[in-house]
Amino acid sequence: MSWFAEKFEKFRKQSMRVIITTITAKFIFGVGLGALLASYLQGYNWVLYGWLLIVVSLILHLPAIYTVLIKK
């Protein structure tokens, strides 16, 4: 079994809370990236909002990263 398949199987065995948190974090990251791409609009501080959403999504994603990649 490859490394990727092993980690994917470990992720599938996680609780529903961890899976939903991971999906939510990825969604928030996408929204943050979209806000950064929309930064050409004047009058709004899209760059700040984009980076804040990306940081929030990474913080939400930390428990899943720890559980899947580091924890034995």
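Values in this document were obtained by computation on a predicted structure and should not be read as measured data.

## As for the pattern of salt bridges
Then, in step 1: Overall, the coordinates contain one salt bridge when judged by the stated rule.
Then, in step 2: Among the ionic pairs, Glu9 bridges to Arg12, the shortest N-O distance being 3.9 Å. With Glu9 and Arg12 both in helix α1 (residues 3–12) and three residues apart, the pair spans about one turn of that helix.
Then, in step 3: Of the residues examined, Glu9 reaches a relative accessible area of 31% and is grouped as partly exposed.
Then, in step 4: Arg12 sits in the exposed class, given a relative accessible area of 55%.

## Points about helix α2 (residues 16–37)
Then, in step 1: Helix length check: α2 (22 residues) gives 32 Å between terminal C-alpha atoms against 32 Å at 1.5 Å per residue, within 8%.
Then, in step 2: Those residues of α2 not exposed but buried are Val18, Ile19, Thr22, Ala25, Ile28, Gly32, Ala35 and Leu36.

## Considering the packing of aromatic side chains
Then, in step 1: Counted under the stated rule, the structure contains one aromatic pair.
Then, in step 2: For the ring pair Phe4 and Phe8, a centre distance of 6.4 Å and an interplane angle of 20° mean the geometry is stacked. One end of the pair, Phe4, and the other, Phe8, are both in helix α1, four residues apart, so they sit about a helical turn from each other.
Then, in step 3: With relative accessibility at 60%, the residue Phe4 sits in the exposed group.
Then, in step 4: Here Phe8 falls in the partly exposed class, since its relative accessible area comes to 44%.

## Topic: the environment of His61
Then, in step 1: For His61, the location among the structural elements is in helix α3 (residues 46–70).
Then, in step 2: Judged by relative accessible area, His61 falls into the buried class, the value being 15%.
Then, in step 3: For the pair formed by His61 and Val18, sequence separation is 43 residues and the distance between their alpha carbons is 8.9 Å.
Then, in step 4: Setting aside residues no more than four positions away along its own chain, His61 makes contact with Thr22, Ala25 and Lys26.

## What about a nonpolar patch on the surface?
Then, in step 1: On the surface, Trp3, Phe4, Phe8, Val55, Ile59, Leu62, Ile65, Tyr66, Leu69 and Ile70 cluster together to form a nonpolar patch covering roughly 1,100 Å² of accessible area.
Then, in step 2: Broken down by element, the nonpolar patch gets its largest block of residues, seven residues, from α3.
Then, in step 3: Looking at the element boundaries, Ile65 is found in helix α3.
Then, in step 4: For Ile65, a relative accessible area of 33% translates into the label partly exposed.

Reading the values: rules and limits
Residues numbered from 1 in each chain as written. Predicted model: local features only at pLDDT ≥ 70, side-chain atom pairs only at ≥ 80, totals over all residues. Heavy atoms only, no water. Salt bridge = Lys/Arg side-chain N within 4 Å of Asp/Glu carboxyl O. Helix = DSSP H or I, 4+ residues; strand = E, 2+ residues; numbered from the N terminus. Buried < 20%, exposed > 50% of the residue type's maximum accessible area, 1.4 Å probe, protein only. Expected span 1.5 Å × (residues − 1). Phe/Tyr/Trp six-rings, centres within 6.5 Å; stacked < 30°, edge-to-face > 60°. Contact = heavy atoms within 4.5 Å. Patch = residues over 30% accessible without salt bridge, like charges linked within 9 Å, V, L, I, M, F, W, Y side chains within 5 Å. Areas by Shrake-Rupley, 256 points an atom, 1.4 Å probe, with all protein chains shown as cover.

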